[in-house]
Amino acid sequence: MHRPRRLRDLLGACLAGALSVSAAAADPATVPFTDRRDPPSYRVLTAEERDRYELGQTVFNTSWVPAGTPRAGRRDGLGPMFNAASCDACHNNGARGQGPAQSGPAPVGLVIQLGAGDAADPVYGHVLNTSAIEGHAPEGTVFVAYTERRGRYPDGREWRLREPRYELRALRLGTIGKHSLIKPRLAPALFGAGLLEAVPDAAIIALAERPQNGVRGQVSRRDGLIGRFGWQADSVSLDEQTARALSREMGLTSRGAERDDCGGADAACQRAPDGGQPEVSDDFFDAMLAFQRWLAVPRTDVDEATEADGAALFARTGCAACHRPDLPVTGAGPVRRIAAYTDLLLHDLGPPLADRGADGRPVPTLWRTAPLWGLGHAVSSGRPLALLHDGRARSIEEAVLWHDGAAAPARQRFGRLSHAERNRLLDWVALR
Amino acid sequence: MKPLTVLALARLTVVLGVILPAATFAQDGCDGFKWDNVAAERALFATAAEDVRAGTDPGTAPTIVPDRLYRAALSPQETLRYAAPPSKKMLADGASGGLLRFRVARAGLYRVALDAGFWIDVVADGTAIPSVDFGGSPGCAAPRKIVIYELPAGRDLLLQLTGAVSTQVQVALTAAPDASP
């Protein structure tokens, strides 16, 4: 039963190796995605592993239903408040969420986290849930409005950015806690998540201790563990990140989160029937972890000259100081090093990208360097790009231009490149 | 309730910006589509639906036509024989499904709109046609979800429904606005 799939994996790996034309193509962490709906693993799996991977993908894709739904079997317990009924609704086929195309209601893949630090908002919990099962009401709705901002490069060419403003409307339980921040977060791509988990702690610490270009990142630490997942590296493991997403955005309990993300005063939410204890069974949870751990990074081929030129520009501008092109990994089969273009460290990117309090004031915010691998997959999807933590950037260029704070010098060097050099650099990033 | 506003204006620490006109966003839950023009689907979903029973295999699939709203009665998914396996792996616990047959006269982009979150495939000669794009408005059932396909003209196509627990679904097929003659 498993032989055809394993054979396909092997043939795919061999074919990809034969056709590769670039340094990136030689990276065993990356695999051609021949069918976006069926993302592959980065290594050949055993039959047992393949079963778990496919079950995880199946659970990941499944839309959950409210507790007590007749014949619902193993997939009931959604809500009562939630943002999406399936993981795939936001991380479609493992890819990043679709951001807002224009001003209007926030799409399902863009949630509003609430709270300060690790503390949840006292009224609404960690995430504002914009959907609810029958008999319950959503916690509120989210609208985003963009205004355009223009500027010029030193060579006189114009650039444009869109600046978001978020409105929380119809807040069912009243205003949010006075100390809470409003944190818009777009669903990130999951490609290579297991490989990021396989970067040794010591390697991350070493990067923090040896700043490049004067940029010093900060290790995200909690209870003696190093955070590496989420836009702010506030989750220390895939287990934690997955349990949090299930609880906070789908209203599903699991072994990692025994309660839904109900607000402190939301008795209706707290009283709602459950779909089992936990609602996501351990075998499903383990399978979802397996799917994410073995999920490959989409390969984009690039010729050697383009690769060398782009990499040089990337280094010259200082982008590579944080978006590190080379990290070690352990325990990941044939993969020894990865080109994820992140240092997994936290950096302050200045007020333009900072989260804001209810009064609209920016609050210093530390961001994990976003991995750039898989960007080529997003670019080639044919769908509008939505980059950065809230999808405000419609292009890689816009994403670069939003960088400030610790990344301001790199942005300024980017701006001083010639027009042709900027385009070559952007084209190269679009092939990651 | 007074809406809470947050500005994310770069480099500014005071609240500035454009005030959204109240009429910009309708509050009927159907304003969440990412496309500007879902008027054709919205209009169709306001009409009376024609009842059909979705097929349990390709041979029993009834024929539907574009620009009409249908309410299809569905069957337990485990009793169905699809023309091609659903292109998305999903748990089938409690799921309903069915098959509908259709043709389009002109090749081009078409949108399939549903009032529930079923997974759909459009199958030609036993192979699922990849979707071009999809979108939804979670608070809306008229429609709830729209999927765009590039379809060939004059060929028998099967619309396969899978994955959701509802025992019926309202569905409509329309030419995508940009592809209209």
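Read on for a plain summary of the structure. (Residues numbered from 1 in each chain as written. Chains lettered and ligands numbered in written order. Predicted model: local features only at pLDDT ≥ 70, side-chain atom pairs only at ≥ 80, totals over all residues. Heavy atoms only, no water.)

Some details on the sheet that holds strand 3 (residues 69–73) of chain B
All names here are of chain B. Spatial strand order, 2-3-12-6-10-9: six strands in an open sheet with mixed pairing. Two strands lie at the open edges of the sheet, namely strand 2 (50–53) and strand 9 (131–136), each paired on one side alone. Strand-to-strand, the axes of this sheet are offset by a mean angle of 25°, without reference to chain direction. (Pairing = 2+ DSSP bridges. Helix = DSSP H or I, 4+ residues; strand = E, 2+ residues; numbered from the N terminus. Axes fitted to C-alpha atoms, helices over the stretch in contact; angles between N-to-C directions.)

Topic: the state of the cysteines
Residues and elements named next belong to chain A. Scanning the model with the defined rule gives two disulfides over all chains in all. One disulfide in the model links Cys 262 with Cys 269; its S-S distance is 1.9 Å. Between Cys 262 and Cys 269, the S-S dihedral sits near -70°, and the bridge is therefore left-handed. Judged by relative accessible area, which is 5%, Cys 269 ranks as buried. (Disulfide = S-S within 2.5 Å. Buried < 20%, exposed > 50% of the residue type's maximum accessible area, 1.4 Å probe, protein only.)

What about the interface of chain A and chain B?
Every contact between the two is made by 58 residues of chain A and, on the other side, 47 residues of chain B. Looking only at chain A, the three residues that lose the most surface to chain B are Arg37(A), Arg71(A) and Arg165(A), adding up to 16% of its buried area. Counting the contacts that link chain A with chain B gives five salt bridges. Note that Arg383(A) is salt-bridged to Asp133(B), the shortest N-O span being 3.3 Å. Those elements that place two or more of their residues in the side of chain A that touches chain B are helix 2 (47–61), strand 5 (104–105), strand 9 (141–152), strand 10 (158–169) and strand 18 (356–357) of chain A. Looking at the side of chain A that touches chain B, the element that brings in the most residues is strand 10 of chain A, giving seven residues. Looking at side-chain class alone, the side of chain A that touches chain B contains 20 nonpolar, 18 polar and 20 charged residues. (Contact = heavy atoms within 4.5 Å. Buried area = accessible area lost by both parts, 1.4 Å probe. Salt bridge = Lys/Arg side-chain N within 4 Å of Asp/Glu carboxyl O. Nonpolar A, V, L, I, M, F, W, Y, C, P; charged D, E, K, R; others polar.)

With respect to the packing of aromatic side chains
Residue and element names in this part refer to chain A. Taken as a whole and assessed by the stated rule, the structure comprises seven aromatic pairs over all chains. Considering the side-chain rings of Tyr 153 and Phe 414, the 6.1 Å spacing of their centres and the 65° angle between planes classify their relative orientation as edge-to-face. Of this pair, Tyr 153 sits in the loop between strand 9 and strand 10 while Phe 414 sits in helix 11 (residues 408–416), and the two are 261 residues apart along the sequence. Assessed through its relative accessible area of 0%, Phe 414 is described here as buried. Relative to Trp 428, the ring of Tyr 341 lies with its centre 5.7 Å away and its plane at 90°, an arrangement referred to as edge-to-face. Residue Tyr 341 is found in the loop between strand 16 (337–338) and strand 17 (346–348), and its partner Trp 428 is found in helix 12 (residues 419–429); the two are separated by 87 residues along the sequence. (Phe/Tyr/Trp six-rings, centres within 6.5 Å; stacked < 30°, edge-to-face > 60°.)

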